[in-house]
Amino acid sequence: QVQVVESGGGLVQPGGSLRLSCSVSGNIFTFNSMGWYRQAPGKQRELVASIKTAGSTNYGDSVKGRATISRDGANISVTLQMNSLKPEDTAVYYCNADLLFRHTRSDGDYYYTTNNYWGQGTQVTVSS
């Protein structure tokens, strides 16, 4: 069973900072990419930040310069650091994990599959 656990959401003042963590457990070979997305009421879900296995990162335009995503050690876990928070950052933040699974054939060879998982979402509210 794959489990995606998010933490770090809550209330923060404008101009403040927060740190969101996402940890994935299960019988997983590795991850292809992981990221954080957010969705505010009446808006489409949008990319906040993502990171690939090799370490390359991608950021949404609205958070560039204010967000940093990093991998937390060797585990399938990432941390999103956001600074200079604005009221428009208020949203439900979702962790996404694109995972790689390894399987063994009857002849002993390996084959691989991928699957995509979402966390349940954590509320971030930026307000004074």
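The coordinates are above.
To keep things clear, this report deals only with the structure shown in the data block.

Another point: the side chain of Thr122. Following the sequence through the fold, Thr122 ends up in strand 11 (residues 122-126). Taking relative accessible area as the criterion, Thr122 reaches 12% and is therefore assigned buried. Contact partners of Thr122, with chain neighbours within four places excluded, come to Glu6, Gly9, Leu20, Trp36, Ala91, Val92 and Tyr93.

Let us look at a nonpolar patch on the surface. Together, Phe29, Tyr110 and Tyr112 line one region of the surface with nonpolar side chains, adding up to about 330 Å² of accessible area. Position of Tyr110 relative to the elements: it lies in strand 10 (residues 110-118).

Right, let's get into the nonpolar core. Side chains of a nonpolar character, in soluble globular proteins, are inclined to be buried together. Counting residues in each nonpolar core, the largest one holds 31 residues, and the members touching the most others are Val24, Met34, Trp36, Leu80 and Met82. If you list the elements that add at least two residues to this core, you get strand 3 (18-25), strand 4 (30-39), strand 5 (46-52), strand 7 (67-71), strand 8 (77-82), strand 9 (91-104) and strand 11. Among the elements that line this core, the one with the most residues is strand 9, at six residues. Not counting residues within four places of it along the chain, the set of residues in contact with Leu80 comprises Leu18, Arg19, Leu20, Trp36, Val48, Ala49, Ala67, Thr68 and Ile69.

Let us now look at the state of the cysteines. Applying the stated criterion to the full structure yields one disulfide. There is a disulfide in this structure between Cys22 and Cys95, and the S-S distance comes to 1.9 Å. Between Cys22 and Cys95, the disulfide has an S-S torsion of -85° and is therefore left-handed. Taken together, the positions of Cys22 in strand 3 and Cys95 in strand 9 put the pair 73 residues apart, joining distant regions of the chain.

The rules behind each value
- Residues numbered from 1 in each chain as written.
- Predicted model: local features only at pLDDT ≥ 70, side-chain atom pairs only at ≥ 80, totals over all residues.
- Heavy atoms only, no water.
- Helix = DSSP H or I, 4+ residues; strand = E, 2+ residues; numbered from the N terminus.
- Buried < 20%, exposed > 50% of the residue type's maximum accessible area, 1.4 Å probe, protein only.
- Contact = heavy atoms within 4.5 Å.
- Patch = residues over 30% accessible without salt bridge, like charges linked within 9 Å, V, L, I, M, F, W, Y side chains within 5 Å.
- Areas by Shrake-Rupley, 256 points an atom, 1.4 Å probe, with all protein chains shown as cover.
- Salt bridge = Lys/Arg side-chain N within 4 Å of Asp/Glu carboxyl O.
- Core = buried A, V, L, I, M, F, W, Y, C linked by side-chain atoms within 4.5 Å.
- Disulfide = S-S within 2.5 Å.

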